[in-house]
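Chain and residue survey
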Protein chains: 2
Amino acid sequence: MPSATVENYLKCILMLSMDCDQSEVPMGLIANSLGVTPGTATTMMKNLQREKWLTYKSRKGVTLTSKGRRLGMKMIRRHRLLETFLVDTLGLDWSEIHDEAEELEHAISEKVLERLDVFLGNPQYDPHGHPIPTKGGVIRKLPQKNLLNLAMGKKVKIESILDQGSDFLKFAQKKGLMPGKLVEVIQRDEMADSVELQLEKKSKFSLGFKSAEKILVSG
Amino acid sequence: MPSATVENYLKCILMLSMDCDQSEVPMGLIANSLGVTPGTATTMMKNLQREKWLTYKSRKGVTLTSKGRRLGMKMIRRHRLLETFLVDTLGLDWSEIHDEAEELEHAISEKVLERLDVFLGNPQYDPHGHPIPTKGGVIRKLPQKNLLNLAMGKKVKIESILDQGSDFLKFAQKKGLMPGKLVEVIQRDEMADSVELQLEKKSKFSLGFKSAEKILVSG
DNA sequence: GTTTTTAGTTTGATTAATCAAAGTGCCGTA
DNA sequence: TACGGCACTTTGATTAATCAAACTAAAAAC
Ligand SMILES: [Mn+2]
Ligand SMILES: [Mn+2]
Ligand SMILES: [Mn+2]
Ligand SMILES: [Mn+2]
């Protein structure tokens, strides 16, 4: 019933509301992350409000209704299960699956998705370490710690990569920055805004603050 | 680049041109099999001609260009490989996959499709017994013989079912009319326009001429 | 407290796909 | 050869999604 466009908007708004976590998501973020002009976003929000997917306050932002949150969550589930399938079953590289899933998520039915979930063995995390919501719309929280806000000199496990960009993912893979790997921050240089890392059985290398913040860890 | 709509039109025109096999496909058939009004079909044909997918002769019909045939064939390949995946890998019923594949065929990329082909072991036929075109666009012809034009009293093998309707497919499955099964026409009643069939290890039953024509056989 | 900047809104236009309904060409039968 | 009917085409309108550019409100800067 909802178009692919509506599905994309709601998924996007839900994801923004989850990390920027205020109740209202501003137009700018939405327009920016979907690559449309601000005017398009404004117009769209009014239409989405008319169909009760969200509430819109002029010059404030939008808040999803529970109907809207439900659909947004369903899209995240579809996206992440599909990514898992593309990597685990078909053997694609984790840097090339995001855009594929971005299309397939609108074409796969509930029935096929649930079969796929069973076929994959009910995976809990996608290839980037992102939690897969349950069928009922429950999602685990991401760890708070990352390679920047972490205490130095402690071996931690990489849990999740927050950047979907294929260039960054290729780089991360080459360096071994992938979920499950153990890593230690051995130095931190405020002037150069970079941290020096040591991965098991690898040589040291350094990462800028901005990138370090995108690697979530636990332990 | 081509929209899902364009992809659907070209696949449809190619399929019509393959079985009605004249060089020109008339508007009526196209409009009818896509469920649009004749006016919509006419308008669309002009747009498709503008983009060199086909040539259109007013009140005659259309003929695909090689560019158009290539895309149409690609869509048939996608559709049938996806159907095969849905049945063989995910275990869906052959009566419920057509509509699913109808959507997925527009969302799957060339890259993912070729991986899927390898994963499935390069299947030659889809679950309904329809030949899957090669990557290069070559397709095997369907058998000419069916349960209506066949000589009586000869055991033949079912090759293909020409009806995608879920009701007919459910019925065919229940009766055992599926590719690979052996069947014999034991009687033919012109008055009742029906044929009586005997499948291996099954009780006899009869089928109307119209339905009998939709079951292709060989041997 | 003005002014400037930035973020967001409005307006008018465009494109793809569709329909209903009015109009037209052509083919077969009389 | 004229007529009627069917298949097809044209026209005018609608819907969803988008943009550019003019406009406006609210927050920062001065
Ligand atoms: Mn998407
Ligand atoms: Mn992911
Ligand atoms: Mn389709
Ligand atoms: Mn099929």
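Rules used throughout
- Residues numbered from 1 in each chain as written.
- Chains lettered and ligands numbered in written order.
- Predicted model: local features only at pLDDT ≥ 70, side-chain atom pairs only at ≥ 80, totals over all residues.
- Heavy atoms only, no water.
- Helix = DSSP H or I, 4+ residues; strand = E, 2+ residues; numbered from the N terminus.
- Rg over C-alpha atoms; globule rule 2.2 N^0.38 Å.
- Buried < 20%, exposed > 50% of the residue type's maximum accessible area, 1.4 Å probe, protein only.
- Contact = heavy atoms within 4.5 Å.
- Lys, Arg positive; Asp, Glu negative; His and termini not counted.
- Charge placed at Lys NZ, Arg CZ, Asp CG, Glu CD.
- Least-squares fit on C-alpha atoms with pLDDT ≥ 70 in both.
- Salt bridge = Lys/Arg side-chain N within 4 Å of Asp/Glu carboxyl O.
- Polar contact = N/O pair within 3.5 Å; in protein donor to acceptor, adjacent residues only side chain to side chain.

Before going further, it helps to spend a moment on the overall build of chain A. Summing up its helical and strand segments, chain A has eight helices and seven strands in all. Taken against the 2.2 N^0.38 rule, which gives 17 Å for 219 residues, the C-alpha radius of gyration of chain A at 19 Å falls within 12% of a compact globule. Principal-axis analysis of the C-alpha atoms gives chain A an extent of 55 × 45 × 25 Å. Taken over 219 residues, chain A has a buried fraction of 44%. Across chain A, every contact between residues at least 6 apart in sequence was considered, and the portion connecting residues at least 24 apart equals 61%. Positive and negative side-chain charges of chain A, numbering 33 and 28 respectively, have mean locations separated by a distance of 6 Å.

Our focus in this paragraph is the relation of the copies chain B and chain A. Mapping between the two copies of the chain is achieved by a rotation about an axis and a shift along the axis. Of the two same-sequence chains, chain B is brought onto chain A (RMSD 0.1 Å, axial shift 0.0 Å) by a rotation of 180°. Those values place the two copies in the arrangement expected of a two-fold rotation axis. The residues that chain B uses at the interface reappear at the interface of chain A in 100% of cases, marking a shared surface.

Let's shift gears to the interface of chain B and chain A. Counting residues at the interface gives 18 residues for chain B, matched by 18 residues for chain A. At the junction of chain B with chain A, the criterion picks out two salt bridges. The salt bridge involving B:K111 is made with A:E96; its shortest N-O contact spans 2.6 Å. Run the count over chain B and chain A and you get eight residue pairs in polar contact (both at pLDDT 80 or more).

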